Amino acid sequence: MDATEFRHWSHRLADWMADYLEQVESYPVRSQAAPGSIFSQVPPAPPAAGEPMEAIFADFERIVMPGITHWQSPNFFAYFPANTSYPSLLAEMLTAALGVQGMIWETSPAAAELEEAMMNWLRGLAGLPAAWSGVIQSTASEATLAALLTAREQASEYGINESGFAGQPVFRVYASGQAHSSIEKGVKIAGFGRRNVVKIPVDEAFAMRPEALEAAIQADLAAGLRPCCAIAALGTTSSTAMDPLRAIGEICRRYGIWLHVDAAYAGSAFILPECRSWLDGIELADSFVFNPHKWLFTHFDCSAYFVRDPGALVRTFEILPEYLKTAAAGVNNYRDWGIPLGRRFRALKLWFVMRSFGAEGMQARLREHLRLGQLLAAWVDAHPDFERLAPVPLNLVCFRWHPQDQHDPAALDALNEQLLSSLNLEGRIYLTHTRLNGVYTLRMVMGHPDVTEAHVRQAWELIQARSAQIAAR
Ligand code: PLP
């Protein structure tokens with residue numbers, strides 16, 4: 001392909017993208033593809049001779065599109081959103097055109113310096129401590145792994161990096177029973193051993209009980225184990241429960257434990273001053289992650305990871321082979337701030353998004369999402385055959401269908417599974433589930449940039465209609 005043909009296709013694809021996003025509601029939200037149906041249409045080996053773009057694009061529409069779940073539909077209420085926006089999309093196009101690999105400052109000073117500036121913007125917007133430093137990681141999982149590794153190195157006086165675990169004490173990691181699975185995964189990768197994650201019980205709002213954390217730490221100390229890291233969740237995955245940060249932070253300080261805060265989804269809400277009470281005690285933490293790629297209109301991947309002491313982070317990861325040595329001094333070489341060497345230029349999309357929306361524009365959208373969350377919660381509460389199963393601090397509503405004459409827990413689980421399956425098969429909306437206190441729970445999150453009250457009302461009417469149909473069978 002030459003520049004002329006590229007120009008033609010990029011214009012055509014820009015039109016396609018705008019049409020797609022305008023018409024995204026016309027697709028079934030969750031892909032209706034059967035397992036293996038996409039793979040079976042792809043030849044086992046690449047073509048020997050190049051093919052025309054017309055044929056490739058036709059196959060994109062014919063083979064790929066039916067296998068797409070439409071995350072950018074305002075009727076996508078599943079998991080947590082993976083927000084995008086037009087400004088973010090434009091920046092991603094430019095990033096692709098530049099093709100920068102920003103592993104060190106010299107490989108693109110703009111990538112490194114814009115990243116530093118954007119992390120400072122986000123830090124200020126989210127009300128994080130002004131002295132902290134930020135870096136973009138691919139995912140919250142990767143940021144949490146970075147936190148675990150830094151905590152491990154600090155606790156072992158950087159000895160495990162040098163000599164491995166031999167002769168080291170058994171290190172312990174604490175998180176609530178509602179914490180995200182990425183913590184257990186990080187613990188496995190960091191070599192702590194999965195058995196050394198201590199799951200701390202939660203209260204009736206699914207938030208960590210600080211007194212249980214302290215009791216677990218004391219029991220470990222008495223048993224000769226070494227408390228190393230605690231992870232507080234601000235916004236758990238199942239129900240957006242908020243762990244009590246100050247109480248946890250005070251305990252961590254008392255016992256010299258690294259405190260990492262996983263606010264992967266809910267962290268975006270802290271751009272709203274009225275949501276900052278959950279951040280009370282943040283100055284006691286060592287690290288904090290949230291994902292603008294979930295709820296801040298910025299394409300995946302973009303996790304904002306903030307640390308009190310970038311020196312500890314760099315000391316954990318730095319490595320300096322001859323071929324990466326440069327003369328630049330006093331600059332950030334972000335290859336030393338995380339796991340991968342190679343890095344995409346991800347700050348550009350944050351720059352486009354924050355400038356295009358403005359702080360007030362982003363805040364207005366998030367406030368509307370919070371309003372919609374409370375509205376749905378009120379509708380659920382008012383319905384005699386539905387039941388809310390968790391508090392709604394933000395815009396995720398956890399609930400179930402509970403016909404008044406049905407009291408058998410297994411039957412209620414089965415009814416809700418059936419309801420969810422029929423809704424998702426129909427494809428007009430997409431919801432997912434979790435279990436809270438062992439109960440099969442429907443989750444509905446209103447975080448799409450353009451979701452409106454009409455979308456939520458339609459979804460709620462559909463949920464009621466389908467449950468009535470199932471009941472009538
Ligand atoms: N932490 C929490 C609380 C989450 O909800 C999620 C994902 O939903 C993650 C971590 C993992 O996020 P990522 O996909 O960025 O690794």
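Everything quoted here is computed from the prediction, not taken from an experiment.

A. Broad picture of the overall build of the chain. Scanning the chain from N- to C-terminus turns up 14 helices and eleven strands. In terms of overall dimensions, the chain is globule-like: its C-alpha atoms have a radius of gyration of 24 Å, near the 23 Å expected for 473 residues. For the C-alpha atoms alone, the extent of the chain along its principal axes is close to 65 × 65 × 45 Å. Counting only residues that meet the buried cut, the chain has 51% of its 473 residues in that class. Partitioning the intrachain contacts of the chain with sequence separation of at least 6 by distance along the chain shows that 73% fall at a separation of at least 24.

B. The pairing of strand E5 (residues 258–262), seen in detail. Burial within E5 is extensive, with five of its five residues counted as buried. Burial along E5 is two-sided: Trp258, His260 and Asp262 and Leu259 and Val261, pointing in opposite directions, are all buried. Where strand E4 (residues 226–233) lies against E5, five bridges are found, and the strand directions are parallel. Of the residues in E5, the one forming a bridge with Ala230 is Leu259. Pairing of E5 with strand E6 (residues 287–290), which is carried by three bridges, proceeds in the parallel orientation. Bridge pairing links Val261 to Phe288 in E6.

C. Quick look at the site of the ligand. Close to the ligand lie 13 residues; Ala140, Ser141, Thr237, Asp262 and Asn291 are nearest. At a separation of 3.3 Å, an oxygen atom of the ligand approaches a polar side-chain atom of Lys294.

D. Geometry of the sheet that holds strand E11 (residues 439–445). Read across the open sheet, the four strands follow the order E8-E9-E11-E10; overall the sheet is antiparallel. If you trace the sheet from one side to the other, it starts and ends with strand E8 (386–388) and strand E10 (432–436), each paired once. Put simply, the sheet's adjacent strands are angled 40 degrees from each other on average, direction ignored. Here strand E9 (residues 396–401) runs beside E11; their pairing, made up of four bridges, is antiparallel.

E. Spotlight on the packing of helix H3 (residues 86–98) against helix H12 (residues 347–382). Relative to each other, H3 and H12 sit at 150 degrees, their axes nearing to 8 Å. Between H3 and H12, the crossing angle belongs to the class labelled roughly antiparallel. When you trace H3 past H12, the crossing you get is right-handed. Residues Pro87, Ser88, Leu90, Ala91, Glu92, Leu94 and Thr95 of H3 form the contact with H12, whose own contacting residues are Leu348, Lys349, Phe352, Val353, Ser356 and Phe357.

F. Structural detail: the nonpolar core. Leu122, Tyr174, Leu234, Ile282, Phe288, Phe306 and Met362 are the most contacted members of the largest nonpolar core, which totals 69 residues. Residue contributions to this core peak at nine residues, all from H12. Contacts of Phe306, omitting those with residues within four sequence positions, involve Met119, Leu122, Arg123, Leu128, Trp132, Ser133, Gly134, Asp286, Ser287, Phe288 and Phe290. Counting residues in each nonpolar core, the second largest holds 32 residues, with Leu148, Leu313, Val314 and Trp337 among its members.

G. Structural context of helix H9 (residues 245–255). Buried within H9 are the following residues: Leu245, Ile248, Gly249, Ile251 and Cys252. In an axial view of H9, the angular spread of the buried residues amounts to 160 degrees, which keeps them on one side of the axis. Summarising the contacts, the buried residues of H9 are in contact with helix H8 (210–222), E4 and E5. The positive-phi residue at the C-terminal boundary of H9 is Gly256, with phi of around 65 degrees.

H. The side chain of Ser176, seen in detail. Mapped onto the secondary structure, Ser176 falls in strand E2 (residues 171–176). Judged by its relative accessible area of 1%, Ser176 is buried. In this structure the side chain of Ser176 is engaged in a polar contact, spanning 2.9 Å, whose partner is the backbone nitrogen of Gln178. Ignoring sequence-local partners within four residues, the contact set of Ser176 consists of Lys199, Ile200, Val202, Met208, Ile231 and Asp243.

Conventions adopted
- Residues numbered from 1 in each chain as written.
- Predicted model: local features only at pLDDT ≥ 70, side-chain atom pairs only at ≥ 80, totals over all residues.
- Heavy atoms only, no water.
- Helix = DSSP H or I, 4+ residues; strand = E, 2+ residues; numbered from the N terminus.
- Rg over C-alpha atoms; globule rule 2.2 N^0.38 Å.
- Buried < 20%, exposed > 50% of the residue type's maximum accessible area, 1.4 Å probe, protein only.
- Contact = heavy atoms within 4.5 Å.
- Pairing = 2+ DSSP bridges.
- Near = heavy atom within 4 Å.
- Polar contact = N/O pair within 3.5 Å; in protein donor to acceptor, adjacent residues only side chain to side chain.
- Axes fitted to C-alpha atoms, helices over the stretch in contact; angles between N-to-C directions.
- Parallel < 35°, antiparallel > 145°, perpendicular 65-115°, else oblique.
- Left-handed = near helix turned anticlockwise from the far one by under 90°.
- Core = buried A, V, L, I, M, F, W, Y, C linked by side-chain atoms within 4.5 Å.
- Arc of directions from axis to C-beta.

Purely spatial values, then, with no claim about function.
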